[in-house]
Amino acid sequence: MLGTGLLQGLAVTARNFVGSFHDPKRFVTTQYPEERTTLPEAYRNFPFLVSESADDPMGTLRCVACLICEKECPPQCIYIEKAKDKKPDANGKLQLYPSVFDIDIAVCMSCQICVEVCPFDAIKMDQVFEIAATDRFGGLMLDRHALAKPNSYFQEVRPTEAAEVDNRLAEARRAAQEKARTAAAAKAAP
């Protein structure tokens, strides 16, 4: 019959409208900014760079300037320049690092493609949404100093994903150390 979909939709709307008066849990209005809603763990807004240490965030960035995120970004809002030298990472191994890592959040569409393609778990999505700025060009262009946040922050905003990433990285470090020990033992034995 013609119009049954419309009638079913109106019935759902009426049911929800009437039910909202009797169930206090259904009141969803939040008196922002006095009250804050708890964001779900999967909420994503803009990317940030994960650093291993809060003491030296620039020295322990997980990013090795591989440029994959810059190439895969649909609106091309990520700008990376590789440094000419190498720095020791959190394990002491010499790695490349970005001398420039900028994200233009005025252009970023929060698609999370940069997070998905990063092979080093260096870029993750943040939950910060209050980003108002008085300068459209300078205030919305974030450099690596503004983007770098410690791993403890990542564990705070996304505990499930952070635990998974930390376990995977710890396992990779253990495997690399075991491989180095085995190679050293084989080299030492005649």
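Note that the structure is a prediction, hence the values are computed from the model and not measured.

### Comments concerning the environment of K87
Looking at the secondary structure, you find K87 in strand β3 (residues 87-88). In the structure, K87 is positioned 65 residues away from H22 in sequence and 61 Å away in space, judged by C-alpha atoms. Apart from residues no more than four positions distant in its own chain, K87 is found in contact with M58, G59, K93, L94, Q95 and Y97.

### Focus: the sheet that holds strand β1 (residues 47-51)
The strand order across the open sheet built from 3 strands is β6-β1-β8, with neighbouring strands paired in mixed fashion. Bordering the open sheet on either side are β6 (123-125) and β8 (148-150), each of which pairs with just one other strand. Neighbour-to-neighbour, the strand axes of the sheet open up by a mean angle of 50°, direction not taken into account. Of the strand pairs in this sheet, β1 and β8 are connected by 3 bridges, and their pairing is parallel. Among the inter-strand pairings, S51 is bridged to a residue of β8, identified as P150.

### Concerning the environment of V107
Its location among the elements puts V107 in the loop between β5 (98-104) and α3 (113-117). Sequence separation between V107 and L67 is 40 residues; the distance between their C-alpha atoms is 18 Å. Dropping the residues within four chain positions of it, V107 is found in contact with P75 and C77.

### Digging into the packing of aromatic side chains
In the structure shown here, the tally under the stated rule is 3 aromatic pairs. An angle of 45° between the planes, with centres 6.4 Å apart, marks the rings of Y32 and F129 as tilted. Of the two residues, Y32 is situated in the loop between α1 (4-22) and β1 and F129 in the loop between β6 and β7 (141-142); the sequence distance between them amounts to 97 residues. The class for Y32 is partly exposed, based on a relative accessible area of 43%. When its relative accessible area of 38% is taken as the criterion, F129 is described as partly exposed. For the ring pair F48 and Y153, a centre distance of 5.5 Å and an interplane angle of 80° mean the geometry is edge-to-face. On the criterion of sequence distance, the pair formed by F48 in strand β1 and Y153 in helix α5 (residues 151-157) is long-range, its members being 105 residues apart. For the pair formed by F48 and Y153, the shared burial category is buried.

### Topic: helix α6 (residues 159-188)
The α-helix winds at 3.6 residues per turn, so residues separated by three or four positions along the chain end up facing the same way. If you check α6, its first and last C-alpha atoms are 43 Å apart, about what 30 residues at 1.5 Å a residue would give, namely 44 Å. Among all positions of α6, only A162, V165 and D166 are buried. On its buried side, α6 packs onto β6 and α5.

Reading the values: rules and limits
Residues numbered from 1 in each chain as written. Predicted model: local features only at pLDDT ≥ 70, side-chain atom pairs only at ≥ 80, totals over all residues. Heavy atoms only, no water. Helix = DSSP H or I, 4+ residues; strand = E, 2+ residues; numbered from the N terminus. Contact = heavy atoms within 4.5 Å. Pairing = 2+ DSSP bridges. Axes fitted to C-alpha atoms, helices over the stretch in contact; angles between N-to-C directions. Phe/Tyr/Trp six-rings, centres within 6.5 Å; stacked < 30°, edge-to-face > 60°. Buried < 20%, exposed > 50% of the residue type's maximum accessible area, 1.4 Å probe, protein only. Expected span 1.5 Å × (residues − 1).

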